[in-house]
Amino acid sequence: MIQADPAPQVEGPHPLSTLRHSVAHLMASAVQKLFPEAQFGFGPSIEHGFYYDFDLPEQLTDKDLRKIEKEMRRIANRSPKIEKEVFTREEARERLRSWGQEFKIEGLDLIPEGEEISFYFHGDGEDRWGDLCEGPHVDSLSEHEFHFKLQHVAGAYWRGDEKNPMLQRIYGTAFWTKDALKEHLEWLEEVKKRDHRKLGTDLDLFSVHANAGAGFVFWHPNLGVVRRELERYWWDLHTAGGYKPVYTPHVSRESLFAVSGHLQNYGEMMYAPMELDELPYRIKPMNCPGHALIFKDRGRSYRELPLRWAELGTVYRYERSGVVHGMLRVRGFTQDDAHIFCTPDQLADEIAGVCRLVDTVLTTFGFEYKAYLATKPAEKTIGDDEIWERATESLRQAAAAVDLELELDEGGGAFYGPKIDYKIKDALGREWQNSTIQCDFNLPERFDLAYTAPDGSQMRPIMVHRAILGSLERFVGGLIEHFGGKFPFWIAPSQVAVIPIREEHADYARGVAERLESELFRVDAMLDAGHMNKKIKEAQRAQTPYMLIAGEREAEEGTVAVRRRGTREQVVVPFETFLDMIRGLRDTKSLELPEPSA
RNA sequence: GCUGCUGUAGCUCAGUGGUAGAGCACUUCCUUGGUAAGGAAGAGGUCACGGGUUCAAGUCCCGUCAGCAGCUCCA
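Predicted model only: the values in this text are computed from it and were never measured. (Residues numbered from 1 in each chain as written. Chains lettered and ligands numbered in written order. Predicted model: local features only at pLDDT ≥ 70, side-chain atom pairs only at ≥ 80, totals over all residues. Heavy atoms only, no water.)

### Considering the overall build of chain A
Heads up, the rule is: Put simply, DSSP marks the helices as runs of H or I at least four residues long and the strands as runs of E at least two long, and each gets a number from the N terminus on. The buried label goes to any residue with under 20% of its type's maximum accessible area, the exposed label to any with over 50%, and the partly exposed label to all in between, with areas taken from a 1.4 Å probe on protein chains only. Contact definition: two residues touch when any of their heavy atoms are within 4.5 Å. Just so you know, the count uses Lys and Arg for positive and Asp and Glu for negative, and it drops His and the chain ends. By convention, the point assigned to a charge is CZ for Arg, NZ for Lys, CD for Glu and CG for Asp.
Along its length, chain A carries 18 helices and 28 strands. Overall, chain A is about 85 × 75 × 50 Å in size when its C-alpha atoms are taken along their principal axes. Across the 598 residues of chain A, 52% fall into the buried class. Residue pairs in contact within chain A that sit at least 24 positions apart in sequence constitute 71% of those at least 6 positions apart. With 75 positive and 98 negative side-chain charges, chain A shows a spacing of 3 Å between the two charge centroids.

### Notes on the protein's contact with RNA strand B
Our working rule: By convention in these notes, a residue is near a molecule or strand provided one of its non-hydrogen atoms lies within 4 Å of it. We call two N or O atoms a polar contact when they sit within 3.5 Å, provided that within protein one can donate a hydrogen and the other can accept it, with sequence-adjacent residues counted only if both atoms are side-chain atoms. Three classes are used, and their members are as follows: Ala, Val, Leu, Ile, Met, Phe, Trp, Tyr, Cys and Pro are nonpolar, Asp, Glu, Lys and Arg are charged, and the others, Gly among them, are polar.
As a matter of local geometry, RNA strand B sits amid 48 residues, with Y157, S321, R329, R502 and K537 nearest to it. Backbone atoms, meaning sugar and phosphate, form 46% of the atoms of RNA strand B found within 4 Å of the protein. Contact distances for RNA strand B include 3.3 Å between a base oxygen and a backbone N or O atom of E552. A per-class count over the surface near RNA strand B returns 16 nonpolar, 15 polar and 17 charged.

### Structural notes on the pattern of salt bridges
To be explicit about the condition: Any Lys or Arg side-chain nitrogen found within 4 Å of a carboxyl oxygen on Asp or Glu counts as a salt bridge.
All told, the structure shown has 46 salt bridges when counted by the stated rule. R97 is the partner of E94 in a salt bridge, and the nearest nitrogen-oxygen pair spans 3.6 Å. Here R97 and E94 lie together in helix α3 (residues 89-99), a separation of 3 residues that amounts to about one turn.

### A word on the packing of helix α7 (residues 221-240) against helix α14 (residues 472-483)
What counts is decided by this rule: Geometry is summarised by axes, namely lines fitted to C-alpha atoms with helices restricted to the contacting stretch, and by angles between N-to-C directions that run from 0 to 180 degrees. We call two directions roughly parallel when the angle between them is under 35 degrees, roughly antiparallel when it is over 145, roughly perpendicular when it lies between 65 and 115, and oblique otherwise. If you view the pair so one helix is near and one far, a crossing is left-handed when the near helix is turned anticlockwise from the far one by less than a right angle, and right-handed when it is turned clockwise.
One way to put it is that α7 packs onto α14 with a least axis distance of 11 Å and a crossing angle of 115°. Taken together, the axis directions place α7 and α14 in an arrangement best described as roughly perpendicular. In the packing of α7 onto α14, the handedness of the crossing is right-handed. Contacts between α7 and α14 involve L223, R227, L230 and E231 from the former and L472, E473, F475, V476 and I480 from the latter. By residue class, the composition of the contact of α7 with α14 is 6 nonpolar, no polar and 3 charged.

### Some details on α7
Residue pairs three or four apart in sequence face the same way in an α-helix, which turns once every 3.6 residues. Cut-off, in case you're wondering: Each residue after the first adds 1.5 Å to the expected span of a helix.
Between its first and last C-alpha atoms α7 spans 28 Å; for 20 residues at 1.5 Å apiece the expected length is 28 Å, and the two agree. Those residues of α7 that fall on the buried side of the exposure criterion are L223, V225, V226, R227, E229, L230, Y233, W234, L237 and H238. Residue G242 follows α7 closely and has a positive phi angle near 85°.

### Here we look at the domain arrangement of chain A
Worth spelling out the cut-off: Where each domain starts and ends comes from a domain assignment, either automatic or drawn from a database.
Along its sequence, chain A is organised into domain 1 (16-194), domain 2 (206-483) and domain 3 (489-588). The distance between the C-alpha centroids of domain 1 and domain 3 comes to 57 Å.

### Examining the sheet that holds strand β13 (residues 274-276)
What counts here: Being paired, for any two strands, means DSSP has found at least two bridges between them.
In spatial order, the strands read β12-β14-β13; together these 3 strands make up an open sheet with antiparallel pairing. For this open sheet the edge positions go to β12 (251-253) and β13, each flanked by a neighbour on one side alone. Taking each pair of neighbouring strands and ignoring which way they run, the sheet shows an average axis angle of 45°. Bridging between β12 and strand β14 (residues 279-283) involves 3 bridges; their strand directions are antiparallel. Bridging from a neighbouring strand, R253 pairs with Y281 of β14.

### Observations concerning the nonpolar core
The criterion, for reference: Only buried Ala, Val, Leu, Ile, Met, Phe, Trp, Tyr and Cys residues count toward a nonpolar core, and they belong to the same one when joined by side-chain atoms within 4.5 Å.
Judged by nonpolar contacts, the single largest core of 60 residues is most densely connected at L223, I351, F365, I420, Y422 and F487. At 9 residues, the largest contribution of residues to this core is made by helix α11 (residues 347-364). Of the domains in this structure, domain 2 (206-483) and domain 3 (489-588) are the two that each give at least three residues to this core. Beyond its immediate chain neighbours, meaning those up to four positions away, F487 contacts L205, L223, V226, I480, A492, P493 and R565. Counting 37 residues, the second-largest nonpolar core is a separate cluster that includes A30, A76, Y120 and C133.

### Observations concerning the packing of aromatic side chains
Definition in use: Pairing of aromatic rings covers Phe, Tyr and the six-membered ring of Trp, with a centre-to-centre limit of 6.5 Å; geometry is then stacked below 30 degrees between planes, edge-to-face above 60, and tilted otherwise. A ring is considered to have a charge above it if a Lys NZ or an Arg CZ atom is located within 6 Å of its centre and within 35 degrees of its normal.
A full pass over the atoms with the stated rule returns 28 aromatic pairs. An angle of 70° between the planes, with centres 5.4 Å apart, marks the rings of Y233 and W490 as edge-to-face. Within this pair, whereas Y233 is found in helix α7, its partner W490 is found in the loop between α14 and β24 (496-500), the two being separated by 257 residues in sequence. Like Y233, the residue W490 is buried in the burial classification. Measuring from centroid to centroid gives 6.5 Å for F295 and W309, while their planes differ by 55°, and the two rings are tilted. Pair noted here: F295 is in helix α10 (residues 288-296) and W309 is in strand β15 (residues 307-316), with a separation of 14 residues, a long-range link. For the pair formed by F295 and W309, the shared burial category is buried. An aromatic cluster of three or more residues is present, and its members are Y233, F365, F367, F475 and W490. The side chain of R20 reaches across the aromatic face of F175, ending 4.7 Å from its centre.

### Section: unusual backbone geometry
Peptide bonds are trans in most cases, and residues, glycine excluded, mostly fall at negative phi. L305 connects to P306 through a cis peptide bond whose omega is 0°. Among the structural elements, P306 can be located in the loop between α10 and β15. The backbone of R159 shows a phi angle near 55°, a positive value even though the residue is not glycine. Among the secondary structure elements, R159 is positioned in the loop between β7 (147-157) and β8 (166-175).

### Let's talk about the pairing of β24
Put simply, side chains in a regular strand alternate between the two faces of the sheet. Stated formally: Seen with its strands pointing away from the viewer, a crossover is right-handed when the path leading from the first strand over the helix to the second is clockwise.
By the criterion of burial, β24 is predominantly enclosed, with 5 of the 5 residues buried. Burial along β24 is two-sided: V496, V498 and P500 and A497 and I499, pointing in opposite directions, are all buried. Bridge analysis of β24 against strand β25 (residues 523-525) gives 3 bridges, and the strand direction is parallel. Opposite V498, over in β25, you have A525 as the bridge partner. Once you follow β24 into helix α15 (residues 506-518) and on to β25, the crossover reads as right-handed.

### Concerning helix α1 (residues 16-34)
With 19 residues, α1 extends 27 Å between its outermost C-alpha atoms, agreeing within 8% with the 27 Å of an ideal straight helix rising 1.5 Å per residue. Along α1, 15 of the 19 residues are buried, which leaves the element largely enclosed by surrounding structure.

Okay, structure coming up:
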């Protein structure tokens, strides 16, 4: 995963965000010049640039963007100053009305009473243009002091509400120097190359099919290997962590989801019922009801708790057609789900255990993450204040116990309990939620779960939902981008390519390949009569971590010429030395790809 | 779901209402090569799908499906 936009945030006379906001104004004035009927929405600076929303009589195309850029340059060439003017609310309203800017008038009404109301103007004569805006802005718009590019146009709802009309949004970016802009654009190209959808095709990892439906992922053998290694690792960790495997059906009677409440609260995300023997059945959107049924199957004692049950459970959810995205947002996916049934006293320890597990897994893949504590929402919650406070405190304690820093997400909890969410970043710098730890007071109540306490009374357990990878689809999609297709040795689809120099060396090469295979390494034995150079190229293309090239000398000495992914140099070492090295890489799940030392 | 764009060979993409194209990949033969493209020949197509306009549709129109950039919503 690309860590961050490497474009240097070159020090200009103002912060980059101020420049970008001013360029957004410049763009808006150019748009008004070209489309006098334009209505204006909002036009802020954003992480990598800026946008401005317009209501226009015609649909913009990329061609229009070039025209607008040209007009922006013409205006900027006159080095217009940007000037601020303070208005009273009534003056502002009057001005906006005279300009016929309905959206802006709505914007004016959003400004709280007592706050300063300002306009920013730039340009002279016919070019004069002003906008209701709190600023700040750069002093002047001279084209020699900054560089910009308009990137694309997209629809966006007025004030982000899908009930409102849709405006046209133009995205652009701006920097103080030409080099910084260039570097940013190159970074965007790099991001595109690492897109998991592109690599998914290039490396033969996965596919989706119009004929199967949007949002359903087909894992090809190469990615199947990655998944299987990941699952093996996951089960090893969970077995060691005291989790027991459970398996629950994909389809259940609808009444189960009425008990769990999913039908009422989550119904629009669920697939339509199917009828069997005149009863409605549903495909599961979550695994928790099944786990609750297992808990409830017999009486439970406090002596059994905590119970930790894990399932790689495949669920199906209806996602709106416009939101599906490669492997990152799909309609059928497998959660690395587990539920912990425990007493309130055990909660903090259990949470701490999960936090440790999350850290172990995310660190193994070199992910950086942030954790958020999501607390009780303002309304519509279940459970009394005391249990909320106690659970929230347990989450805090647990985090403190494992030195996990929590950012507060006030009121961001589920209606059924507080939670800790983890977020990692993808190649575009977008944050994706993967790991989550959620306390649930609701489901135990709905299913009337109980255990017998030491005093013989029936007590309600707390149920902790937790996922570490989130879903295998999203996590692996993230992994592809994180590593740019260059998987670490232990999960790489093909780990070692074996290439004889000439056909007569194929016997020695075959011996090498068979020895590797006997130790369960994944070997691409390229033993046919083709050209060595072609095989090297093919192994490079496939991102195979190591190539072993064997000719006469190697066959005589029992060595291999090792060529490491991403390099052109070879190191000749005894085959046994290489074997020892890769055993170590596999066993330690190393992220490194070292050169063997002779 | 909404706005806009796109859909031609495995991949990347040309294609002006009148015979379906290129490069790479693939197959076969030749080449026996010490670290990223040796040579020749061949095969490969429901131009996403359905309807319409037209003497004639990959090309124009409508619909459906899928993809892309966003908005909105989520693992």
